[in-house]
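In case you want the letters, here they are:
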Amino acid sequence: MIRRAAPLCLLASLACSSSPGSDTGSTSTTEDEGTTAEGGSEASTSDASDAETETETDSETNSDTGTAGETETETGSLGECPEISSGEVAGTVTLAELDEASGMVRSRSQELLWVHNDSGDLARLFALDLGGELVAELRLEGAGALDWEDLAIGPGPEPGDYLYAGDIGDNGEARPYITIYRLPEPADVASLGDDPLLVADWDALELTYPDGSHNAETLLVDPVSGDLFIVTKGEETGLYRLAAPLAAGELEKLADPNYPSALATGGEISPQGDFVAVRGYIDAFLWPRADGQTIGEAMLAEPCEIPVASEPQGETLAIDADSMGYFTLSEGTGQPLWRFESSSRLVWDRRPGA
C-alpha cells in the first residue's frame, strides 16, 4: 500500500513512530496506477482524499541487510506523509547540447544544478542556474561515458563536496563492471567563463555486482556514512551498497527496498541524510530515515508518494540544499525545469527534545 500526499500543505506534521515496522526481507513490485496529469505542463499530484492516516501495529523487525557496517535498528513506520505543492516551472532549459538529462543534483554551497546527459554524450557536466540557464561546462579529461545514468553529491576523501557520476546503465545486463567517476565540486563556478573547464582531478571506481550484471539509473551517496548505493531498474528493484571509504571492488547486496512501483530512474539522499527519495517515470517515493537507522533499513519501510510532473521521460530528482523542495527535469530539448516546494522541511524535526 502506498501512502499519498496532498498538495499545498505544511510538512511539519511528518513523524516517524517509535514502533518497529513489519518483517520485510524483500517486496514484490506492484502495477503503477497510471494517474498522470493531462498535458506536458501539468504537474501530477495525488488526491488528498487518498491520504492515509492509519496507525501501523507493532511487530518484530527482522531487517536482512546482510552487510557489515549496516547495523540493525528498528525500521520506523510513518504516522503521516509529507504534503508537497503541485509544482511550478522554474524555467526552461534551452541548451541544445543538454537533450537527454539523466542525472541532476543541487549544489550544497552554490546556487547551481549539476546535470549530465544519458548515453552517447561526452564525459561532461553542465552547471545550470536555478532557472535552467547555462553557467558553466565541465569535461572530465580521459574519462569514459558509456551510459551515464545518475549523478550524486556527497562527502569524499578530502573535505568539501564531491560529485559522483554514475556510468551504471546496462540495458543488456552484460557489462562486466560499472564505473563511478568522482571529482571535487569546483568552487565559484559562476566565474569560470564560457569555455569548458577541463578537469583532470577525478578518480574512477570500477565496481561489480555480487550476483551478475544489472541495469541501474539511481545512484545515492549517504552524507552521514559516506556509503554509496545503487538502486537497480527493473520489475524487481534491488539495492546495493559500497561501504566507505569508497574504493573499487564488489558491491554488497542489501534486502530489496520497498519500492511500490517499477523502473526506478533516479533519486537522492537529502543533504542532512534524514530521508531518501527515488522516482520512476510517472511517480516518486520518499522514505524518512530515523536517527541511527541505515539507508537499507529506512527503505524497507512503507514509503510516501510525492508528486512529480507529467514529463516525456523523467529521470532526475534533485533535493534542495535546505530540503525545502526538489527539482526535476525530463529528457528532451526545451524542457521545463520543475520545482516542488514546501513551507517547511520535508521531514520531521530531529533536534534533541523535539
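For the structure itself, consult the block above.
Residues numbered from 1 in each chain as written. Predicted model: local features only at pLDDT ≥ 70, side-chain atom pairs only at ≥ 80, totals over all residues. Heavy atoms only, no water.

*Asks:* Looking at this structure, how should I read the overall build of the chain?
*Replies:* Helices and strands together make up the secondary structure of the chain, namely 1 helix and 27 strands. Burial analysis of the chain (354 residues in total) assigns 55% to the buried set. Looking at the chain alone, contacts between residues at least 24 apart form 62% of all its contacts between residues at least 6 apart. Entry remark: accessible area of the chain is about 14,100 Å², with carbon and sulfur atoms responsible for 47%. (Helix = DSSP H or I, 4+ residues; strand = E, 2+ residues; numbered from the N terminus. Buried < 20%, exposed > 50% of the residue type's maximum accessible area, 1.4 Å probe, protein only. Contact = heavy atoms within 4.5 Å. Areas by Shrake-Rupley, 256 points an atom, 1.4 Å probe, with all protein chains shown as cover.)

*Asks:* I would appreciate a short explanation of the pattern of salt bridges in the present structure.
*Replies:* Close approach of charged atoms lets side chains of opposite charge pair. In this structure the tally under the stated criterion is 17 salt bridges. With a shortest N-O distance of 2.9 Å, Arg241 and Asp227 are connected by a salt bridge. Pair noted here: Arg241 is in strand β17 (residues 239-242) and Asp227 is in the loop between β15 (216-221) and β16 (228-232), with a separation of 14 residues, a long-range link. Accessibility classification places Arg241 together with Asp227 in one group, the buried group. Note that Glu252 is salt-bridged to Arg241, the shortest N-O span being 2.9 Å. Of the two residues, Glu252 is situated in strand β19 (residues 252-253) and Arg241 in strand β17; the sequence distance between them amounts to 11 residues. A residue is classified by how much of its surface remains accessible, and Arg241, at 3% relative accessible area, is buried. (Salt bridge = Lys/Arg side-chain N within 4 Å of Asp/Glu carboxyl O.)

*Asks:* Looking at this structure, I do not really get the side chain of Asp150. What am I missing?
*Replies:* Following the sequence through the fold, Asp150 ends up in strand β10 (residues 148-155). Despite its burial, Asp150 remains without a salt bridge, the nearest opposite charge being carried by Arg279 at 9.5 Å. From its side chain, Asp150 meets the backbone nitrogen of Leu219 in a polar contact 2.8 Å long. Not counting the four nearest positions on each side in its chain, Asp150 is found in contact with Ser102, Gly103, Met104, His116, Tyr164, Ala165, Gly166, Glu217, Thr218, Leu219, Gly266 and Gly267. (Lys, Arg positive; Asp, Glu negative; His and termini not counted. Polar contact = N/O pair within 3.5 Å; in protein donor to acceptor, adjacent residues only side chain to side chain.)

*Asks:* Explain unusual backbone geometry here, please?
*Replies:* Excluding glycine, residues mostly carry a negative phi; peptide bonds, for their part, are mostly trans. Residues Ala244 and Pro245 are joined by a peptide bond in cis, for which omega reads 0°. Inspection of the secondary structure assignment puts Pro245 in the loop between β17 and β18 (249-250). At Asp188, a position not held by glycine, the phi torsion is positive, near 50°. By relative accessible area, which is 49% here, Asp188 ends up partly exposed.

*Asks:* Sorry, what's going on with the pairing of β16 here?
*Replies:* On any regular strand, side chains alternate: one points to one face of the sheet, the next to the other face. In terms of residue burial, β16 counts as a mostly covered element, since 5 of its 5 residues are buried. Here β16 shows no split at all, with Leu228, Ile230 and Thr232 on one side and Phe229 and Val231 on the other all buried. Here β15 runs beside β16; their pairing, made up of 5 bridges, is antiparallel. The partner of Leu220 across the bridge, within β16, is Phe229. (Pairing = 2+ DSSP bridges.)

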